[in-house]
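Descriptive analysis of the structure
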Amino acid sequence: MWLLVLSLLPLAVFGSDPQHHGASHPTPESQSNESGPRMATNGLPFPWSKLRLPGYIVPVHYHLLVHPNLTTLRFSGSAKIEIDVRNSTNWVVLHSKGLEIAEATVLDESEAHLAERVLPVLEYPPHEQIAIFSPKLLNAGEKYFLYLRFEAPLGSGYHGFYRSTYKTKTGEARVLASTHFEPTSARMAFPCFDEPSYKANYSIRIRREPPYIALSNMPIEQTVELDNGLLEDHFDTSVQMSTYLVAFIVCDFKWVTGRTSSGVEVSIYAVPDKWHQTHYAVQAALKILEFYETYFNIYYPLPKLDLIAIPDFQSGAMENWGLNTYRETALLLDTASSSASDQLWVTMVIGHELAHQWFGNLVTMEWWNDIWLNEGFARYMEFVSVDATYPDLNVEDYLLGTCFAAIGRDSLNSSRPISCPADNPTQIKEMFDTVSYDKGACILHMLRHFLTDEVFQSGIVRYLKRFRYRNARNEDLWDSLANTCSEDEFTSGEYCYTGNQATKNAYRYTGEHMDLKTIMNTWTLQRGIPLVRVRQEGSKLYLTQERFIKTTHPTDPLWPSMQKGFLWHIPLTYKTSHSQSDMRHLLDTQTGVLDLDESVEWVKFNSDMNGYYIVHYEGDGWERLSRLLKHNLTALTYKDRANLIHNAFQLVTAGQLSLNTALDLITYLQSETHNVPLLEGLGYLETSYKMVEKRGLSEVTQNVKDFILLFFRGLIDRQEWSDEGSISDRRLRSEVLSMACDLAYSPCLERAKCFFNDWKTSNGTLSLPGDVTETVFSIGAQEPEGWDFLLEKYTTSMSEAQKEKILSALTTSQDPTKLIRLLYLGMEGQIIKTVVLPSLIYTVARNPKGTVLAWNFVKNNWDKLVEKFQLGSGSIRNIIIGTTGQFSSNEELKDIKAFFESIKEQSSQLRVTQVAIENVEKNIMWLEKNVDTLRNWLTKTLTSLQKK
């Protein structure tokens, strides 16, 4: 009967359009590009036209029952959602994707049926929405319950409510069910209002068979035995949270537990055979959680925090409140075989996810356009927390690399502002990128140094306290950081970090009160990164700022249009040959002049690279700095030295500095004592080697190899094949020996072969030094017998970190048939799990013998890859960038463009396709401009070195 009524209703049955719940409403144009009425799957008009939900109805409390059947691989459940009606309406519109809705009804406040038990449900898959019609008007200001019963298959991918598998030591296959909802996949597990501003409480019940355990965001309140032999776990009611943070898992894992000083129970879960690898993580989580409680001055609000290693997991980890999910390599650590990098990775990922318990969970962005408020903060707090709790890991060294990665993305024309529109699920997924994570972290680091540690900390505490259990926008953060406490707040102490009111002039910079929001908007609402040109004339420094861009050179006719309208407020820091401390200046105009007390021998801007900008020293500025490094390198910090190397080679790529100048600069590295500048310089030489090797320029390739091995022979020979030394020394050892063997340095090859043969003779039981294991495996993989033995050991290894090293080594084979075999094993998912396929494709593509193979594999299997990993996901981005980024010819560029054109319906939705094209254009330009210079410099320098 209701279907007839539905067919007669006008689409505007909602009435006037109120303000969207908790968020600014996007324009209609950004909401939908379709024209005409939206038709539901049953052929009736769908009553809502926009991607965002209408905001008439707000969820208050979800009563959720879920029963995953690990035999049939399906799940069923029900959701009773308490709703608050803001505007009178007959319609309830919410999200659902792939769910079979068996029953839908509306109950009044006393839970009596408003009408017939089963109401019609309209489904509109393009927007992943369903609409339920109530024949009785739902009155504004009144509470109702929406009841839905549903079922669906457990997902075969890595999102929604999906199945995961693992094998025991004896080879027995086991199944579990796990969730991953961020950003828009909660709707695949239960019907819900799947937008971050719709925060609600959750009371969750999970049915399971007795051999399994069930986990969710909150602790179990009670377990009830049902008549059919099933158990039903009832979990405590959650705090208010967004749908994407809900989590539930049914598995047979084992765990280890600890407790913080404030009483939070912290547990690490893993498959039973890997339980012994959980002990490092529990100690790290306890230390970092306690640090955050002190730093944020807010106790972690839940009674427990579980961290669980899922065998099939697409991301690194996910911050679900109270139940963090991780890749096994991001949580488990086998101390017997782990490298320094393994330990650092696990610690950093835990630091990231625990930071989210405040940034993202307690305070959530209003909409995905500001996801950087979650991810940028969590990325930055990784460094802050691990530096405080594990100082021996030297994480500050890695912050430079994070900012270098951000600059690499941000210096392309296809970059985007940190905060920018994202409407549909594909656009939203693409927001989880280098810009949100790495650039977000780097501008927060710059801001912290701008404001001082104390002011920055008190400001973010104020932000967290003011918006806890609520949603925030970009400007809310600037308001919290810039405004001192009001008198009321100061008196109550509610938002103030200390008992002393913040100094009114805490934000003064060079004596003037600054508008922090205006300053920071130039960094978050504007794409790109600034280049600061510095010209020294006597005691004056002439400054100019422009947009730094690598794919359009100053001689290009498009250059002026690429520069138009860009202006940043840049907190400059600098030191000179005569300064005792860093000096500061806010450059908020296109040009500026700084007066020094006297003429100086040199000037270095961006002290310790605490700022997010590139510097070009015009005139003889680079020559002066190069002389300084050769004769008195300790006049600059190791961060300054690494920063100079990075800036020089970036300017070469942008066509603004001669490659000779950059190469001359790094000839000081024979005297370098710190590992960070050494690795930065070696990284650029290795990149040049790979570039000319792939183009088949054999003479130049040989000369680059000869130069590296001759110039850095002392450094290479000093490396020990062990796990001794500091974390920094161990990282250097791993990188240097890997490079030396890759360049066929005989002593390196012989030592690696010896290690591999001993390991092979022991049938893989010999314990290798963790820092050189991957290098040893890579050399072993060059022989057919060694490759086959490694593949066999891959299937039996119980350490995921070791399996990762074996797989990486297998991709270095020079036999194309073996590389193709690896790719298809990854697609099949039996021997090599499909979840690692994106990284497998990338590592095969890095091998010159595998570059074209990997790209052809992606083209031939595109539909399967998108089905498995979702359009817009980080995995799809890594596949595209990892394969195309190796190309450097016009023919290859033409091929890439043709493929993107052939999948235009999908590629037009992706920013990453433009990134891929620009990367290849950048490679082409670099080779055209620099190969002759590189050839001549190497010939001259090698002659000089060989004479010594």
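Figured I'd write up the structure that's included with this text. (Residues numbered from 1 in each chain as written. Predicted model: local features only at pLDDT ≥ 70, side-chain atom pairs only at ≥ 80, totals over all residues. Heavy atoms only, no water.)

**Quick word on the overall build of the chain**
- On a plain count of helices and strands, the chain comes out with 32 helices and 30 strands.
- In terms of overall dimensions, the chain has C-alpha extents of about 95 × 70 × 60 Å along its principal axes.
- For the chain, the residues scored as buried account for 61% of the 948 residues in total.
- Carbon and sulfur atoms provide 48% of the accessible area of the chain, an area that totals close to 35,600 Å².
- For the chain, the centre of its 90 positive side-chain charges and the centre of its 113 negative side-chain charges are spaced 3 Å apart. (Helix = DSSP H or I, 4+ residues; strand = E, 2+ residues; numbered from the N terminus. Buried < 20%, exposed > 50% of the residue type's maximum accessible area, 1.4 Å probe, protein only. Areas by Shrake-Rupley, 256 points an atom, 1.4 Å probe, with all protein chains shown as cover. Lys, Arg positive; Asp, Glu negative; His and termini not counted. Charge placed at Lys NZ, Arg CZ, Asp CG, Glu CD.)

**Some points on the side chain of Lys199**
- Note on placement: Lys199 falls in the loop between strand S9 (173-180) and strand S10 (201-208).
- Put simply, Lys199 is tucked away with no salt bridge, and the nearest opposite charge, on Glu366, sits 11 Å away.
- Among the polar contacts listed, one links the side chain of Lys199 to the backbone oxygen of Leu362, at a separation of 3.4 Å.
- Polar contacts involving the side chain of Lys199 include one to the main-chain carbonyl oxygen of Arg470, which spans 2.9 Å.
- Look past the residues within four positions of Lys199 in its chain and what remains in contact with it is Pro59, Gln240, Met241, Ser242, Asn361, Leu362, Val363, Thr364, Tyr469, Arg470 and Asn471. (Salt bridge = Lys/Arg side-chain N within 4 Å of Asp/Glu carboxyl O. Polar contact = N/O pair within 3.5 Å; in protein donor to acceptor, adjacent residues only side chain to side chain. Contact = heavy atoms within 4.5 Å.)

**Things to note about the sheet that holds strand S12 (residues 220-225)**
- If you trace the seven strands from one edge of the open sheet to the other, you get S4-S7-S2-S1-S10-S13-S12, paired in mixed fashion. Edge positions in the sheet fall to strand S4 (100-107) and S12, since each has one partner strand and no second. Strand after strand, the sheet turns through a mean of 15 degrees between neighbouring axes, direction not considered.
- Across four bridges, the pairing between S10 and strand S13 (residues 231-235) is antiparallel. Within the sheet, the bridge partner assigned to Arg207 lies in S13 and is Glu232. (Pairing = 2+ DSSP bridges. Axes fitted to C-alpha atoms, helices over the stretch in contact; angles between N-to-C directions.)

**Topic: the nonpolar core**
- The biggest cluster of nonpolar side chains holds 316 residues, and the ones touching the most others in it are Phe190, Phe248, Ile350 and Phe605.
- With residues near it in sequence (within four places) discarded, Phe605 still touches Val534, Leu541, Leu543, Leu572, Thr573, Tyr574, Leu594, Tyr613, Val615, Tyr617 and Asn643. (Core = buried A, V, L, I, M, F, W, Y, C linked by side-chain atoms within 4.5 Å.)

**A short note on helix H23 (residues 784-796)**
- A rise of 1.5 Å per residue sets the reference length of H23, with its 13 residues, at 18 Å; its end C-alpha atoms lie 19 Å apart and thus fit the reference within 8%.
- When we look at burial in H23, the residues that qualify are Gly786, Trp787, Phe789, Leu790, Leu791, Lys793 and Tyr794.
- In this fold, the buried residues of H23 make contact with helix H21 (746-761), helix H22 (773-780), helix H24 (800-810) and helix H25 (816-828). (Expected span 1.5 Å × (residues − 1).)

**Here's the deal with the sheet that holds strand S17 (residues 304-310)**
- Read from one edge to the other, the open sheet built from five strands follows the order S15-S16-S17-S19-S18, with strand pairing classed as mixed. The open sheet is flanked by strand S15 (254-259) and strand S18 (317-318), the only strands paired with a single partner.
- Here strand S16 (residues 265-270) pairs with S17 via five bridges, running parallel. Its bridge partner being in S17, Ile268 is matched across the sheet by Leu307.

**Digging into the pattern of salt bridges**
- This model, assessed by the stated rule, comprises 51 salt bridges.
- A salt bridge links Arg205 to Glu232; its shortest N-O distance comes to 3.2 Å. Residue Arg205 is located in strand S10, and its partner Glu232 is located in strand S13; the two are separated by 27 residues in the primary sequence.
- According to the relative accessible area criterion, Arg205 is partly exposed, its value standing at 30%.
- Among the ionic pairs, Asp620 bridges to Arg624, the shortest N-O distance being 3.2 Å.
- On the basis of relative accessible area, Arg624 is assigned to the partly exposed category, the value being 21%.
- Each of the salt bridges in this network shares a partner with another, and the network as a whole consists of Lys97, Glu128, Arg187 and Asp194.

**What to know about the state of the cysteines**
- Following the criterion strictly, the structure yields two disulfides and no others.
- Disulfide partner of Cys403: Cys442, at an S-S distance of 2.1 Å. One disulfide, between Cys403 and Cys442, carries an S-S torsion of -115 degrees and so falls in the left-handed class. Pair noted here: Cys403 is in helix H6 (residues 396-410) and Cys442 is in helix H8 (residues 434-451), with a separation of 39 residues, a long-range link. No difference in accessibility class separates Cys403 from Cys442, as the two residues are buried.
- Disulfide pairing is shown between Cys741 and Cys748; the S-S distance is 2.1 Å. Across the S-S bond linking Cys741 and Cys748, the dihedral sits near -100 degrees, which makes this disulfide left-handed.
- Cys748 sits in the buried class, given a relative accessible area of 3%.
- Free cysteine: Cys420, not disulfide-bonded; nearest cysteine sulfur from Cys442 at 18 Å. (Disulfide = S-S within 2.5 Å.)

**Let's talk about the environment of Trp862**
- As for its placement among the helices and strands, Trp862 is situated in helix H28 (residues 862-869).
- Note on Trp862: relative accessible area 3%, which makes it buried.
- Taking C-alpha positions, Trp862 is 48 Å from Ser626, a pair spaced 236 residues apart along the chain.
- For Trp862, the residues in contact, after removing those within four places along its chain, are Leu871, Ile876, Ile880, Phe899, Ile903 and Gln906.
- Polar side-chain contacts of Trp862 include one of 2.6 Å to the side chain of Gln906.

**Focus: the environment of Arg846**
- Within the secondary structure, Arg846 is located in helix H26 (residues 837-846).
- Each C-alpha atom, one on Arg846 and one on Asn703, is 21 Å from the other, the two residues being 143 residues apart in sequence.
- For Arg846, the contacting residues outside a window of four places in its chain are Lys694 and Gln886.

**Brief notes about the packing of aromatic side chains**
- Enumeration according to the criterion identifies 51 aromatic pairs in this entry.
- Arranged with centres 4.6 Å apart and planes meeting at 45 degrees, the rings of Trp759 and Phe777 form a pair that is tilted. Note that Trp759 is positioned in helix H21 and Phe777 in helix H22, a separation of 18 residues in sequence. Per residue, the accessibility class of Trp759 equals that of Phe777, and both read buried.
- Each member of the aromatic cluster is reached from another via a ring pair, and the members are Phe291, Tyr292, Tyr295, Phe296, Tyr300, Trp358, Phe359, Phe377, Tyr380, Phe456, Tyr463 and Phe467.
- Here the guanidinium or amino end of Lys287 rests over the ring plane of Tyr390, the centre of that ring lying 4.1 Å away. (Phe/Tyr/Trp six-rings, centres within 6.5 Å; stacked < 30°, edge-to-face > 60°. Lys NZ or Arg CZ within 6 Å of the ring centre and 35° of its normal.)

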